[in-house]
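Here is how the chains run, residue by residue.
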Amino acid sequence: MPHPRGTASRRRVGVLLHPTALPGSPVCGTFGAAARDWLHALARQGIRVWQVLPLAPPDGTGSPYSSPSSFAINPWLLDAQDLSDEGFITPDDLQALPLAAPADAAGGEQLDFALAAQRADALGRSMRLRWAGQPADRHEAFQRWCIGQSRWLRDHAAFMVLRREHAGLPWWDWAHELAVHRETALEHWRCTHRSDLLEQDLLQWHLDRQWRRLRALASDLGVEILGDLPFYVARDSADVWSNRSLFSIAGDGRLHQQSGVPPDYFSATGQLWGTPVYTWGRHRRTGFRWWRDRLRRQWDLADRLRLDHFRALAAYWSVPGSDDTAMNGRWQRSPGGELLACLKRDAGGYLPIVAEDLGVITPDVERLRDRFHLPGMKVLQFAFDGNADNPYLPANIKGSGWVVYTGTHDNPTSLGWWERLEQSSRDQVAATLERSVEAPGWQLLELGLSTSAALVVAPLQDLLHLDDAARFNTPGTVGGNWMWRLPALDGALNGALEGYGVRAEVWSRR
């Protein structure tokens, strides 16, 4: 993708697939053999971008956008077979791990959150029990890594163990000295929980090792990893617990100001997200250290990041913490320009960020995006409302500085979208294509490839012509999301990727 918006560059295509949806392992997709096979499959067909969702641990609903840590990786993704092959656990340990029922090495078609968490806990215990017998060079590598990650790892490990110790209660319901992160109390507590803390450290070290190995393979194959970064962080998280002054929250967990978006055409009361907004003055005084640490960590995990809710870097909707709707919020200015300038210096002069600029975007947001030469997003499912000025219509997508999507993880699959689309919109799609619609995902993809955008991305479900039974997330709902898994890396998948690659090769030469 171009550094400055609109300059020439070889265009590329990508696929959106979160690692939890990979097949070939019990309970949950992992960073193991299926992930390596997936990268090889992409590379064979000239598909140069793999987009993932946040790799962070999910919340209780399975969402990686409301994580207990902005820095950690989801333990569900750790591949046990690779650990056994390397001797970090024994074959007996591997066989004793919880499995999906009935036991099936290929895994089921849906992710079981509770079973995935049980399996990760059991894997942590097995690694800890075998740790003393590991060679000295492994102990040395582990210690070096822990020291290098200490600014987040120490608090993350403590937070996860304390949360388990308190039966999942949020941090503001813990014993007071622990809830307020009093260091003397924490030091005493750590002395009595060394084994549990070691488990958490080992989990994160191995997740980091396995993911970095995948990143190295992707680099060798010429595949870019496009990651994802939520703008806000969860109220009940290690980030807020250990850095409370950076967030608009009291020591007892009460929100002073919370995040959301104002009332609009879709919601008369707006959206209330319930995460604390940032105390930007404190971030400024610390030189944006927490944000810069956060982005350094994420750039260690991905080549480029999609920054969710980018518009909040220009101004954010701040709602009183006691309100139960977003109606009484007000716009507050953000120091987004200052922050992005710091991040740009940290990144060596070029920001590897895609701005999620969907929805009603004001000129100040566009100016901020363009000032730092950041690609924006266009989603084709949003294009066909009958308005000739719709910014998502292919004819209105000008220049190369865009990432064009058929849909995202928050949209229905393109087939599901088409099945519910009004006839007037269907007619507009057909008129734009100049033919009838038979495979909505593929035909939306063709429209994306007809633009001058530098990158076009399709969710894998669209390439496989799947309906909403394969939908990954429905915003505003709390059940049935984040669970879909690809049944297999088989001939149907390879055929879909091959067809995508052929189209992409023709498009990239235009």
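Residues numbered from 1 in each chain as written. Predicted model: local features only at pLDDT ≥ 70, side-chain atom pairs only at ≥ 80, totals over all residues. Heavy atoms only, no water.

Caption draft 1: Broad picture of unusual backbone geometry. For V27, which is not glycine, the phi dihedral falls at a positive 75 degrees. Residue placement: V27 occurs in the loop between β1 (12-16) and α1 (33-44). In this structure V27 comes out as buried when scored by relative accessible area, which is 3%. In this structure, W482 takes a positive phi of about 65 degrees despite not being glycine. With respect to the helices and strands, the residue W482 is situated in the loop between α18 (460-463) and α19 (491-508). (Helix = DSSP H or I, 4+ residues; strand = E, 2+ residues; numbered from the N terminus. Buried < 20%, exposed > 50% of the residue type's maximum accessible area, 1.4 Å probe, protein only.)

Caption draft 2: Main features of the environment of P459. Mapped onto the elements, P459 comes out in strand β12 (residues 455-459). When residues no more than four places from it in sequence are discounted, the contact partners of P459 are L16, T406, G407 and T408. (Contact = heavy atoms within 4.5 Å.)

Caption draft 3: Local environment of the sheet that holds strand β8 (residues 330-333). Within the open sheet, the four strands sit side by side as β5-β4-β7-β8. Their pairing is antiparallel. The sheet terminates laterally at β5 (271-276) and β8, the two strands that pair on one side only. On average, each strand axis in the sheet is inclined to that of its neighbour by 45 degrees, with strand direction left out of account. Of the pairings in the sheet, the one linking strand β4 (residues 257-261) to β5 comprises three bridges and is antiparallel in character. Paired with V261 across the strands is Q271, a residue of β5. (Pairing = 2+ DSSP bridges. Axes fitted to C-alpha atoms, helices over the stretch in contact; angles between N-to-C directions.)

Caption draft 4: The arrangement of the side chain of R306 in detail. Structurally, R306 is set in strand β6 (residues 304-307). In terms of polar contacts, R306 uses its side chain to reach the side chain of D308, at 3.0 Å. (Polar contact = N/O pair within 3.5 Å; in protein donor to acceptor, adjacent residues only side chain to side chain.)

Caption draft 5: Inspection of the packing of α1 against α19 at higher detail. Axis separation between α1 and α19 bottoms out at 9 Å; the angle between their running directions is 35 degrees. Residues W38, A41, L42 and R44 of α1 form the contact with α19, whose participating residues are L493, N494 and L497.

Caption draft 6: Broad picture of the nonpolar core. Grouped together as the largest cluster of nonpolar side chains are 157 residues, with contacts concentrated most on W38, W50, L463, L497 and Y500. Considering each element in turn, this core owes the most residues, nine residues, to helix α9 (residues 194-221). Discounting residues that sit within four places of it in the chain, L497 has contacts with V15, W38, A41, L42, Q45, I47, L460 and L463. (Core = buried A, V, L, I, M, F, W, Y, C linked by side-chain atoms within 4.5 Å.)

Caption draft 7: Here's a closer look at helix α14 (residues 363-371). Those residues of α14 not exposed but buried are D364, V365, L368 and R369. When α14 is viewed along its axis, its buried side chains cluster within an angular range of 135 degrees and face the same direction. Every exposed residue of α14 that faces more than 90 degrees away from the buried side is listed here: R367 and R371. Tucked into the core, α14 has its buried residues touching β8, α13 (336-346), β9 (353-355), β10 (376-379) and β11 (402-405). Two residues or fewer after α14 comes H373, characterised by a positive phi angle close to 55 degrees. (Arc of directions from axis to C-beta.)

Caption draft 8: View of the sheet that holds β12. Read across the sheet, eight strands follow the order β9-β6-β3-β2-β1-β12-β11-β10 without closing on themselves; strand pairing throughout is parallel. Whereas interior strands pair on both sides, the edge strands pair on one side only; in this sheet they are β9 and β10. Averaged over neighbouring strand pairs, the angle between their axes works out to 25 degrees when direction is ignored. Pairing geometry for β11 and β12, over three bridges, is parallel. The partner of V403 across the bridge, within β12, is L455. Along the sheet, helix α17 (residues 440-449) makes contact with β1, β11 and β12, crossing β12 at roughly 170 degrees.

Caption draft 9: Focus on the pairing of strand β3 (residues 224-229). The buried count for β3 comes to six of six residues, which makes it a mostly enclosed element. Here β3 shows two buried faces, one formed by E224, L226 and D228 and the other by I225, G227 and L229. Across three bridges, strand β2 (residues 49-51) lies against β3 in parallel orientation. For W50, the partnering residue across the bridge sits in β3 and is I225. For β3 and β6, the ladder comprises four bridges, and the chain directions are parallel. When the sheet's bridge partners are listed, G227 is paired in β6 with L305.

Caption draft 10: View of the packing of aromatic side chains. This model, assessed by the stated rule, comprises 34 aromatic pairs. Relative to W241, the ring of F159 has its centre 5.8 Å away and its plane inclined at 50 degrees; by these criteria the two rings are tilted. Taken together, the residues span a long stretch of sequence, with F159 in helix α6 (residues 150-165) and W241 in helix α10 (residues 238-242) at a distance of 82 residues. What makes F159 buried here is its relative accessible area of 0%. For W241, a relative accessible area of 1% gives the class buried. Note on Y278 and W280: the rings are 5.2 Å apart at their centroids and 50 degrees apart in plane angle, and the pair reads as tilted. Looking at K378, its charged tip hangs above the ring of W402, at a distance of 4.3 Å from the centre. (Phe/Tyr/Trp six-rings, centres within 6.5 Å; stacked < 30°, edge-to-face > 60°. Lys NZ or Arg CZ within 6 Å of the ring centre and 35° of its normal.)

Caption draft 11: The pattern of salt bridges, seen in detail. One pass over the full model with this rule turns up 33 salt bridges. When the shortest N-O distance is used, the salt bridge between E86 and R213 registers 3.2 Å. Linking E86 in the loop between α2 (80-85) and α3 (91-96) with R213 in helix α9, this pair joins segments that are 127 residues apart in sequence. Ionic pairing is found between R420 and D468, a salt bridge with its closest N-O pair at 2.8 Å. Placement of R420 in helix α15 (residues 414-420) and of D468 in the loop between α18 and α19 is noted, with a sequence separation of 48 residues between them. (Salt bridge = Lys/Arg side-chain N within 4 Å of Asp/Glu carboxyl O.)

Caption draft 12: Quick look at the state of the cysteines. Going through the model one piece at a time under the given rule, you end up with zero disulfides. In this structure C191 is not part of a disulfide, and its nearest cysteine sulfur, from C146, lies 17 Å away. (Disulfide = S-S within 2.5 Å.)

Caption draft 13: Quick look at the packing of α9 against helix α12 (residues 289-301). The contact between α9 and α12 brings their axes to 9 Å, and the two run at 55 degrees. If you check the angle between α9 and α12, you find them oblique. Here D208, W211, R212 and R215 of α9 lie close against α12, whose contacting residues are R297, W299, D300 and L301. Counted by class, the contact of α9 with α12 contains three nonpolar, no polar and five charged residues. (Parallel < 35°, antiparallel > 145°, perpendicular 65-115°, else oblique. Nonpolar A, V, L, I, M, F, W, Y, C, P; charged D, E, K, R; others polar.)

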